[in-house]
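Spelled out from the first residue to the last, the chains are:
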Amino acid sequence: MSRKSERLINLTIALLATKRFITKSEIFKTIEGYEGSSESKERMFERDKDDLRSLGIEIEVGSFDPLFNDEAGYRIKQERYQLDLGDITTLEISLLSLAAQAWQGASLDDAAQRALVKLNSLGIAVDETNLPVSIPFLSDGGLDLPKITHAIAEHQILEFIYRNYDLSEENRRVVPIGLSTRSGYWYLTGVDQSIEEVRTFRFDRVIGSFTVKKGPKNFETPENFDSQNLFERVESFDAVVDVRRGKGTSLRALASSTKSIGEWDQLQIPILDVKSLSALILWHGDDVYVHSPVELRESIVSSLKEIVKAHG
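Described below are features of the structure shown in this document. Keep in mind that what you see is a predicted model, and the values were worked out from it rather than measured.

Rules and cut-offs
Residues numbered from 1 in each chain as written. Predicted model: local features only at pLDDT ≥ 70, side-chain atom pairs only at ≥ 80, totals over all residues. Heavy atoms only, no water. Helix = DSSP H or I, 4+ residues; strand = E, 2+ residues; numbered from the N terminus. Buried < 20%, exposed > 50% of the residue type's maximum accessible area, 1.4 Å probe, protein only. Contact = heavy atoms within 4.5 Å. Axes fitted to C-alpha atoms, helices over the stretch in contact; angles between N-to-C directions. Parallel < 35°, antiparallel > 145°, perpendicular 65-115°, else oblique. Left-handed = near helix turned anticlockwise from the far one by under 90°. Nonpolar A, V, L, I, M, F, W, Y, C, P; charged D, E, K, R; others polar. Pairing = 2+ DSSP bridges.

**Focus on the environment of Pro 216**
Among the secondary structure elements, Pro 216 is positioned in the loop between β8 (206–213) and β9 (238–244). Take Pro 216: its relative accessible area is 32%, and that puts it in the partly exposed class. Pro 216 sits 23 residues away from Gln 193 along the chain, and the two C-alpha atoms are 9.9 Å apart. Beyond its immediate stretch of four places on either side in the chain, Pro 216 contacts His 155, Ile 157, Val 175 and Gln 193.

Listed below in structure tokens is the structure:
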């Protein structure tokens, strides 16, 4: 990424995160890349504003205190930082998400984080929930999206090891026909060659990577394939945990059901990612007891042993 592109992204992040108008002098102190004389910084800033506006990003100009003739300030309102994409295909979604991942990486890099820290140090309140990256990030699970989109276009076969709903592992051979997202997760849909039926697989339950093989001749996408109904076929499984009354707010927010059992509540929580759920449970300490699945309990016990080994 060029220095100018990085500066533009960090400027956008700062203007989105701020709760008030921030002045040019404050921007020059917080955003890396504004260098040289005052005149040079002014010219760079004016060009950056023009570049952002040419991209459809509206920069609002106002005063920190409307009762006084203070230096003009700038900000970007979240409600005006929206883009209506209309109807797009699953392939187009996957390509757009690649661009979104570039934004995600840039907005979380050291320079961007330092900019937000500097804003805070200057007494400027920031709200990181205003940033687009606060929307659940579409993680590709470390897999290769360009490889997968190419396999879809060419009707190639993808071979991979998949962790099923019961945590068993199985080799799969699939002709991919679509990519989709839900709640921040990627899903691959394709024709499972072992049963000749359409199935949907979640990326973070793929173990290792995809292997691409030559696909069947004259392959045709199944009739009546509807990407909107993919998730009717997605298998899910729940964890059963006890949470102490008045505790575990974040776990309760994830629960599909809650049952009172005296001083504790028993929750059923859909397992989207064993590691993430393990980390969340560990955060709550002895306010949570895991009943099932066994694999989740073993993951937590293993993490606790590592903590004890590292810190005594």
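**Notes on the packing of helix α8 (residues 274–283) against helix α9 (residues 294–311)**
Taken N-terminus to C-terminus, the directions of α8 and α9 make an angle of 60°; their axes are 10 Å apart at the nearest point. Here α8 lies oblique to α9, going by the angle between them. Where α8 crosses over α9, the handedness of that crossing is right-handed. Within the contact between the two elements, α8 uses Val 274, Leu 277, Ser 278, Ile 281 and Leu 282 and α9 uses Leu 296, Ser 299, Ile 300, Ser 303 and Leu 304. Taken together, the residues that form the contact of α8 with α9 break down as seven nonpolar, three polar and no charged.

**Concerning the pairing of β9**
In terms of burial, β9 is a largely internal element, five of the seven residues being buried. Pairing geometry for β9 and strand β11 (residues 264–270), over seven bridges, is antiparallel. Considered in β11, the bridge of Val 240 is made with Gln 268. Relative to strand β12 (residues 288–292), β9 is paired through four bridges, and the arrangement is antiparallel. Paired with Val 243 across the bridge in β12 is Val 288.

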